[in-house]
Amino acid sequence: MTRIYRLWLWLKDRQNRLWVTPLLTGLAAVALAFGADAVGMLLDDNVPEIKAQTIDDLLTVIATSMLALAIFSLATLVAALNSSSMTATPRSTELLMGDSAARASIGSFIAAFIFAIVARTALGTGYYGTGGRFVLFVSTLLVVAFVVLRLMLWIRSASRLGRLADTLERLTEVTGQALLNLARRPRMGAGALESAPVDHCTTLQANECGYLTDINMSGLQDLADRHDLRIHVQIRPGTFIDPSTLLARIEGKFSADSRDELLDCFVLAAQRTYDQDPRFGLIVLGEIALRALSPAVNDPGTAIQVMSALTSLLVDYTAHAHQQLEPEFDRLTAPVLDDRDLVRDAFQPIGRDGAAIIEVAVRMQKLLAVVAQNSSGVIAAEALLQAREARERALQVLSYAPDRDQLDALHRQLFP
């Protein structure tokens, strides 16, 4: 079960999708090339005669053009990755590598090239009969039409790929989905974390270093059912793990082999990911704003755009907080994420680096007021705290007295 889950995670990884898709489409192309004759055997007496030379000419055109087109597409993607890394942040390139349009286009071009090579070779050896050549001819025309359509779609996507606006949109979307999952399953499907009796629990600690990127909750539940355990998970994805980190407290007895299975349910990697770690998405969005505020870039407009996106994410998260699903793992408990961290990760770095720019400072006060007014509890309290801190930072570095007066008056108006 754990191996299947890790295989699923591996296939879901955006960096692996880029080459998995061409691999699968390439296999489909080989099957299409060889399957044409099998279908053609059923049609030998009912199809027109197609000369092998006609098909060979078409396949030659496909073979000579598709490889060049695939290489050009890869070069375009690499250029987009470099552009995103330079204008946004290196942490955003993972999203571009998982772009569905890029994967589908590159996979289609490579598949068409493989189809042409395999079909042309088989055609030259006399593999196809009369029916097989007819089916191959029709298949070749369909491949050409599909490639042309895919090329049009790729041109549309490539014109936006790697641009700052596109990167921001992708980051906002993936972070919003992670926050929605957090709102609906704040404990990842487990129950509330109990204060388990330490004397009756066995501790489970990590055996290596890395970021915790995923917890296989269903795998933990299966192990708990099989061994009559209760597992109290102590950490959440996004935490940096070392061999002294406490992963879980476990009530019940289990063997050394079961311990290894339990450890396999905690997936570690060299860097954080977006799917189970909404804080990472907020941090990466903040990095884009910080780069925009740097003296080398000096683009406060982008920082304001990022703050607007962060505000929308936090307000949407608060709006979905009442949609919590019932726990699905009755033998597991897990901690909740401190909502104050979400507001702090989103606004604190921008408030620090943008304090000397009056436009950024003013917009931050207004947006934090929106967060506070559309939320409650710790999120509203943290928004107020971040607004106060941002005001104090700005008042210390703004050199023009009217700017300081404007900011102070605005803060008192928004947060009476």
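Use the structure listed above.
Quick notes on the rules
Residues numbered from 1 in each chain as written. Predicted model: local features only at pLDDT ≥ 70, side-chain atom pairs only at ≥ 80, totals over all residues. Heavy atoms only, no water. Helix = DSSP H or I, 4+ residues; strand = E, 2+ residues; numbered from the N terminus. Rg over C-alpha atoms; globule rule 2.2 N^0.38 Å. Buried < 20%, exposed > 50% of the residue type's maximum accessible area, 1.4 Å probe, protein only. Contact = heavy atoms within 4.5 Å. Areas by Shrake-Rupley, 256 points an atom, 1.4 Å probe, with all protein chains shown as cover. Lys, Arg positive; Asp, Glu negative; His and termini not counted. Charge placed at Lys NZ, Arg CZ, Asp CG, Glu CD. Pairing = 2+ DSSP bridges. Axes fitted to C-alpha atoms, helices over the stretch in contact; angles between N-to-C directions. Parallel < 35°, antiparallel > 145°, perpendicular 65-115°, else oblique. Left-handed = near helix turned anticlockwise from the far one by under 90°. Core = buried A, V, L, I, M, F, W, Y, C linked by side-chain atoms within 4.5 Å. Salt bridge = Lys/Arg side-chain N within 4 Å of Asp/Glu carboxyl O. Phe/Tyr/Trp six-rings, centres within 6.5 Å; stacked < 30°, edge-to-face > 60°.

Caption draft 1: Representation of the overall build of the chain. On a plain count of helices and strands, the chain comes out with 15 helices and eight strands. For a compact globule of 416 residues, the expected C-alpha radius of gyration is about 22 Å, and the chain comes in at 28 Å, more than 25% above that figure. C-alpha atoms of the chain, sized along the principal axes, occupy 85 × 65 × 35 Å. Sorting the 416 residues of the chain into buried and exposed places 48% on the buried side. Intrachain contacts of the chain at a sequence separation of at least 6 include 82% that bridge at least 24 residues. Surface summary for the chain: the accessible area is close to 20,100 Å², and the carbon and sulfur share equals 57%. With 38 positive and 45 negative side-chain charges, the chain shows a spacing of 4 Å between the two charge centroids.

Caption draft 2: How the structure looks around the sheet that holds strand S2 (residues 201-205). The five strands lie next to each other as S1-S8-S4-S6-S2, forming an open sheet whose pairing is mixed. Edge positions in the sheet fall to strand S1 (191-192) and S2, since each has one partner strand and no second. Sheet strands in contact with helix H9 (residues 256-264) are S2, strand S4 (230-233) and strand S6 (246-251), and its direction is about 55° off that of S2.

Caption draft 3: Seen up close, the packing of helix H13 (residues 358-373) against helix H14 (residues 377-397). In contact at an axis separation of 8 Å, H13 and H14 are set at 165° when each is read in the N-to-C sense. Here H13 is positioned roughly antiparallel relative to H14, judged by the angle of their axes. Taken as a pair, H13 and H14 cross one another with a handedness that is left-handed. Contacts between H13 and H14 involve Ala361, Met364, Gln365, Leu368, Val371 and Ala372 from the former and Ile379, Ala380, Ala383, Gln386, Ala387, Ala390, Arg391 and Ala394 from the latter.

Caption draft 4: Structural context of the nonpolar core. The biggest cluster of nonpolar side chains holds 43 residues, and the ones touching the most others in it are Val306, Met307, Leu310, Leu342, Phe347, Ile350 and Leu368. Of all the secondary-structure elements, those providing two or more residues to this core are helix H7 (164-184), helix H10 (278-293), helix H11 (300-319), helix H12 (339-353), H13 and H14. With eight residues, the single largest contributor to this core is H11. The contact partners of valine 306, leaving out residues within four places of it in the chain, are Leu168, Leu285, Gly286, Ile288, Ala289 and Ile350. Grouped together as the second largest cluster of nonpolar side chains are 36 residues, Ala70, Ala80, Phe109 and Val143 included.

Caption draft 5: Representation of the pairing of S4 in the model. Bridge count for S4 against S6 is four bridges, and the pairing is antiparallel. Residue histidine 232 lies in a different strand from S6, and its bridge partner there is arginine 249. Bridge analysis of S4 against strand S8 (residues 332-334) gives two bridges, and the strand direction is parallel. Within the sheet, the bridge partner assigned to histidine 232 lies in S8 and is threonine 333.

Caption draft 6: Fine view of the packing of H11 against H12. It is at 11 Å that the axes of H11 and H12 come closest, and there the two elements cross at 170°. Between H11 and H12, the crossing angle belongs to the class labelled roughly antiparallel. Two secondary-structure elements touch here, H11 through Val306, Met307, Leu310, Thr311, Leu314 and Tyr317 and H12 through Asp339, Leu342, Val343, Ala346, Phe347 and Ile350.

Caption draft 7: Highlighting the pattern of salt bridges. All chains considered together, the criterion is met by 21 salt bridges. In this structure, the salt-bridge partner of arginine 133 is glutamate 49, at a minimum N-O distance of 2.4 Å. A residue pair is termed long-range when its members are at least 10 positions apart, and arginine 133 in helix H6 (residues 130-158) and glutamate 49 in the loop between helix H2 (14-40) and helix H3 (52-87) qualify at 84 residues. Look at glutamate 49 and you get exposed, because its relative accessible area is 51%. Between arginine 340 and aspartate 338 there is a salt bridge, with the nearest N and O atoms lying 2.9 Å from each other. Using a relative accessible area of 37% as the deciding quantity, one classes arginine 340 as partly exposed. Taken together, the shared-partner salt bridges connect Arg279, Asp341, Arg344, Asp345 and Glu382 into one network.

Caption draft 8: Focus on the packing of aromatic side chains. What the rule picks out here adds up to four aromatic pairs. Taken together, the aromatic side chains of Phe34, Tyr127 and Tyr128 make up a single cluster linked through ring pairs.

Caption draft 9: Layout of the sheet that holds strand S7 (residues 266-269). With antiparallel pairing, three strands are arranged side by side in an open sheet as S5-S3-S7. Strands with a single pairing partner mark the edges of an open sheet, and in this sheet they are strand S5 (240-241) and S7.

Caption draft 10: Structural view of unusual backbone geometry. One non-glycine residue, methionine 188, lies in the positive phi region at around 60°. Along the chain, the position of methionine 188 falls in the loop between H7 and S1. Of note, the phi angle at aspartate 228 is positive, near 55°, even though the residue is not glycine.

Caption draft 11: Focus on the side chain of arginine 236. Its place among the elements puts arginine 236 in the loop between S4 and S5. Among residues more than four places away in sequence, those in contact with arginine 236 are Leu182, Pro186, Arg187, Met188, Leu212, Pro335, Val336 and Leu337.

Caption draft 12: Focus on the environment of glutamine 205. Mapped onto the secondary structure, glutamine 205 falls in strand S2. Expressed as a C-alpha distance, the spacing of glutamine 205 and isoleucine 288, which sit 83 residues apart in the sequence, is 35 Å. Discounting chain neighbours no more than four positions away, the residues touching glutamine 205 are Pro243, Ser244, Thr245, Leu246, Leu247, Arg259 and Leu263.

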